[in-house]
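# An overview of the molecular structure
Chain by chain, the residues run as shown.
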Amino acid sequence: MIILQVVGYQNSGKTTLIEKLVREFTNRGVKVGTLKHHGHGGKPELPKKDSTRHWEAGALVSAVEGDGTLFLTAATHNSCNLSKLIELYRHFEIDLLLIEGFKNSPYPKIVCIRDECDLHLLQLQNVVASISWVPLNEGNSFFISEEKKYIEWIIQYVKGEGNVCDCERTDRCH
């Protein structure tokens with residue numbers, strides 16, 4: 001399973017980028033999972049459905065499954081360790097895990113830059129590319145309007161990582 005993070009501050013384009021990547025990779029036959037860090041403080045809101053009644057009654061883990069879909073809610077002590085969450089995702093036999101957030105984690109990451117105040121994010125560990133609302137001239141930096149260019153770059157990057165591959169260059173594929 002290849003892991004790629006997308007990080008940045010609110011309204012920088014992280015969720016939109018991940019949506020586009022999920023569509024592109026899925027259309028190419030890649031099995032994609034996503035994990036989002038709720039970085040706004042507090043617990044994420046749950047939909048008010050019958051399926052949440054067990055959770056609200058105090059269950060530590062609650063799930064509802066139907067027609068091949070599973071919705072899982074689990075309590076963690078403080079914030080859950082990302083490596084434990086990744087281990088959970090390994091059970092779903094996905095090819096690619098796209099993680100939104102968890103800025104300080106050590107995985108390869110794409111940084112979304114909204115303005116000059118966000119430039120310090122380029123100093124995070126394992127930044128492989130950036131997508132910016134302001135022009136940048138370093139490394140694999142893409143302007144937000146260059147969507148085709150950065151989507152294709154990300155696809156080639158993931159292919160180069162190995163396990164997810166339909167490319168013709170078998171020397172880069174496992």
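Everything below is about the structure printed above this text.
Quantities reported herein were computed from a predicted structural model and do not represent experimental measurements.

## Some points on the overall build of the protein
Of regular secondary structure, the protein possesses 4 helices and 8 strands. Ordered by position from N to C terminus, the α and β elements of the protein give β-α-β-α-β-β-α-β-β-β-β-α. Here the protein holds 174 residues, and 34% of them are scored as buried. Summarising the internal contacts of the protein: among those between residues at least 6 apart in sequence, 52% fall at separations of at least 24. Roughly 11200 Å² of accessible area belongs to the protein as shown, and the carbon and sulfur atoms make up 49% of that amount.

## Comments concerning the pattern of salt bridges
Pairing between side chains becomes possible if they bear opposite charge and their charged atoms approach one another. According to the stated counting rule, one finds 6 salt bridges in the structure shown. With a shortest N-O distance of 2.6 Å, Lys20 and Glu147 are connected by a salt bridge. A residue pair is termed long-range when its members are at least 10 positions apart, and Lys20 in helix H1 (residues 14-27) and Glu147 in helix H4 (residues 147-160) qualify at 127 residues. Looking at Glu147, the relative accessible area reads 35%, which means it is partly exposed. Across the pair Lys149 and Glu146 runs a salt bridge, and its minimum N-O distance is 3.7 Å. The exposure class of Glu146 is partly exposed, given its relative accessible area of 28%.

## Some remarks on unusual backbone geometry
For residues other than glycine, phi is negative in most cases, and the peptide bonds are mostly trans. Its identity is not glycine, yet Asn11 carries a phi of approximately 65°, on the positive side. Structurally, Asn11 can be placed in the loop between strand E1 (2-8) and H1. Although it is not a glycine, Glu93 sits at a positive phi angle of roughly 50°.

## Describing a nonpolar patch on the surface
A grouping of Leu60, Val61, Leu70, Leu72, Leu88 and Phe92 is seen on the molecular surface, where their side chains present a nonpolar patch of about 580 Å² in accessible area. Of note, Leu60 is situated in the loop between helix H2 (53-57) and strand E3 (61-66). The exposure class of Leu60 is exposed, given its relative accessible area of 61%.

## What about the sheet that holds strand E5 (residues 96-100)?
Judged by pairing direction, the sheet is parallel, and its 6 strands sit side by side in the order E2-E5-E1-E6-E7-E8 without closing on themselves. Bordering the open sheet on either side are strand E2 (32-36) and strand E8 (141-143), each of which pairs with just one other strand. Pairwise comparison of adjacent strand axes, ignoring direction, gives a mean angle of 20° for this sheet. Looking at chain direction, E2 and E5 are connected through 5 bridges and run parallel.

## Side note on H4
For H4, with 14 residues, the first-to-last C-alpha span of 20 Å sits near the 20 Å given by 1.5 Å per residue. Turning to H4, its buried residues are Tyr150, Ile151, Ile154, Ile155, Tyr157, Val158 and Lys159. In this structure, the buried side of H4 is in contact with E1, H1, E5, strand E6 (109-113), strand E7 (127-132) and E8.

## Topic: the nonpolar core
Nonpolar side chains tend to gather and get buried jointly when the protein is soluble and globular. Judged by nonpolar contacts, the single largest core of 22 residues is most densely connected at Leu4, Leu17, Phe25, Leu96, Ile110, Ile154 and Val158. For this core, the secondary structure elements donating two or more residues are E1, H1, E5, E6, E7 and H4. Here this core gets 6 residues from one element, more than from any other, and that element is H4. The contact partners of Leu4, leaving out residues within four places of it in the chain, are Leu96, Leu97, Leu98, Ile99, Pro108, Lys109, Ile110, Val128, Ile154, Tyr157 and Val158. Core analysis: the next-biggest nonpolar cluster, separate from the first, contains 10 residues, Leu82, Tyr89, Leu97 and Phe102 among them.

What counts and how
Residues numbered from 1 in each chain as written. Predicted model: local features only at pLDDT ≥ 70, side-chain atom pairs only at ≥ 80, totals over all residues. Heavy atoms only, no water. Helix = DSSP H or I, 4+ residues; strand = E, 2+ residues; numbered from the N terminus. Buried < 20%, exposed > 50% of the residue type's maximum accessible area, 1.4 Å probe, protein only. Contact = heavy atoms within 4.5 Å. Areas by Shrake-Rupley, 256 points an atom, 1.4 Å probe, with all protein chains shown as cover. Salt bridge = Lys/Arg side-chain N within 4 Å of Asp/Glu carboxyl O. Patch = residues over 30% accessible without salt bridge, like charges linked within 9 Å, V, L, I, M, F, W, Y side chains within 5 Å. Pairing = 2+ DSSP bridges. Axes fitted to C-alpha atoms, helices over the stretch in contact; angles between N-to-C directions. Expected span 1.5 Å × (residues − 1). Core = buried A, V, L, I, M, F, W, Y, C linked by side-chain atoms within 4.5 Å.

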